[in-house]
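Coordinate inspection notes
Read off the chains here:
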Amino acid sequence: MEKFDAVDIIIAKRDGKSLTDEQIDWTIDAYTRGVIADEQMSALGMAIFLNGMESREITRWTQAMINSGQTLDFSSLSVPTTDKHSTGGVGDKITLPLAPLVAVFDVAVPQLSGRGLGHTGGTLDKLEAIPGWHGAISTEGIVKQLDEVGAIICETTEGLAPADKKLYALRDITGIVDTIPLIASSIMSKKIAEGTEALVLDVKTGSGAFMKDRQKAEELARTMVELGKAAGTATSAFITDMDTPLGLAVGNAIEVEESVEVLAGGGPADVVELTVALAQEMLALVGKTDVDVAAALKDGRAMDKWRQMISAQGGDPDAKLPMGRESHVVTAAESGVLTRLDALSVGQASWRLGAGRARPGDAVQAGAGIRLHAKPGDAVEAGAPLMTLYTDEAQRFDRALESLEGATAIAPAGSPEATEAAESTSAIFDHIK
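Residues numbered from 1 in each chain as written. Predicted model: local features only at pLDDT ≥ 70, side-chain atom pairs only at ≥ 80, totals over all residues. Heavy atoms only, no water.

Taking an unreviewed UniProt entry as the reference, the protein is identified by name as Pyrimidine-nucleoside phosphorylase belonging to Brevibacterium ravenspurgense. As stated in UniProt under Subunit (unreviewed entry), the record for the protein gives "Homodimer." UniProt lists a comment for the protein under the heading Sequence similarities (unreviewed entry), and it reads "Belongs to the thymidine/pyrimidine-nucleoside phosphorylase family." (UniProt positions renumbered as here; feature names shortened; annotations may be inferred.)

**Description of the environment of C154**
Take C154: it is sitting in strand 3 (residues 151-155). A relative accessible area of 0% means that C154 is categorised as buried. Distance in space between the C-alpha atoms of C154 and L127 is 9.4 Å, their sequence separation being 27 residues. If we skip the residues at most four places from it in the chain, C154 touches Q111, L112, S113, L124, G135, I137, I142 and Q313. (Helix = DSSP H or I, 4+ residues; strand = E, 2+ residues; numbered from the N terminus. Buried < 20%, exposed > 50% of the residue type's maximum accessible area, 1.4 Å probe, protein only. Contact = heavy atoms within 4.5 Å.)

**Brief notes about the sheet that holds strand 1 (residues 82-86)**
Read from one edge of the open sheet, 4 strands run 1-4-5-13, paired in mixed fashion. The open sheet has two edge strands, strand 1 and strand 13 (428-432), and neither has a second partner. The mean inter-strand angle of the sheet, taken between neighbouring strand axes irrespective of direction, is 20°. Strand direction decides the pairing type here: strand 5 (residues 234-241) and strand 13, joined by 4 bridges, are antiparallel. Bridged to I239 within strand 13 is D430. Sheet strands in contact with helix 10 (residues 214-230) are strand 4 (198-205), strand 5 and strand 13, and its direction is about 165° off that of strand 5. (Pairing = 2+ DSSP bridges. Axes fitted to C-alpha atoms, helices over the stretch in contact; angles between N-to-C directions.)

**Some details on the sheet that holds strand 7 (residues 326-331)**
Taken together, the 4 strands give an open sheet; going across it, the order is 6-9-11-7, and neighbouring strands pair in antiparallel fashion. Edge strands, defined here as strands with exactly one partner in the open sheet, are strand 6 (249-251) and strand 7. Ignoring strand direction, the axes of neighbouring strands in this sheet form an average angle of 15°. With 6 bridges connecting them, strand 7 and strand 11 (residues 385-391) associate as antiparallel partners. Each residue of the ladder has a partner; that of V329, found in strand 11, is T388. Seen against the sheet, helix 11 (residues 253-263) touches strand 6, strand 9 (369-372) and strand 11 and runs at an angle of roughly 145° to strand 6.

**Comments concerning the pairing of strand 8 (residues 336-341)**
Note that strand 8 and strand 10 (residues 379-380) share 2 bridges and pair antiparallel. When the sheet's bridge partners are listed, G336 is paired in strand 10 with V380.

And the structure:
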């Protein structure tokens, strides 16, 4: 005999009422067990989408999803643990240089990551471009690598928040993805279940982000920070720009290449800025404030840690990375200053070149992607390259170029638009603690 009836809970939320803790606990457990059918959870999800949830409800819903599966335990480690989560974007390779950089300072960094879908790249897809590298690691293997190396980037273990896995798939096909209570609880149930002491959130906003609207991005960030703190995880968030791609590389192997440039003390300024800011915050949340993060990029310590991390997972850090066999150059139509480079358009073009997937399980091309030759604020000459497209299949260029129509704008030097573009230098908008 079940404690509640799914229909009663659906009606309560449909009518704008708050669900009790007991109703929420039962709902998540019953859905995980198959007692609540997908069509019933779809109806409840739509009621939540339309009527929202109170802070208490979101907190309890998140905890119930955590309780639906296993949690990781890093208490055996002799150092604190800290983690980062990004809501996803175009050219967002920050995890790659960030994990080894933070691990330099005697902190363990377990980065449980996923694969890309649509126009946003997946961290595992990028790393799988490295010959020999693998991301499927057992729980015991994760702890062992953290103990020996200090950093790991790997697949999320199957048993973490299984209720979220079911609900995530359902949200995608029922038009209820874009609701903050369900987004926040989905992200935070997995991150809290991972068991780290501290978590920094990189919440992106702009055309290439999940949250296009900055106000909604801030609401999501504040909600997630509250959820983390309620669960006893030190949590903070940055709101960062995703109107323009991060860095000058979008794809898989090409983003690994750029990440290595950052670890070698170079790389694009926006990637370095965000990597350093996130590293400083990840360390501060575990009490390490008197550290020179930028120096660890310049002096090779972060690179040494990267090489250890890649090698520990079977990868060859010295291997030549793949590059698409075919290339196509997009040039500037006029001279002036580049004032816009639309992240969504570039992301979709990269996806159409083969760097992303339309459905889970689709294959991706390791060598497909886009190299950017200019960013907003840069002077460009008519006929000069703006970007180079790479793929193994030349027939993909037409669709990719369709995605790039209207993606760029050029204004005369000295114009208000050109001046504004040149002055917009930071990718970080806000810091929420």
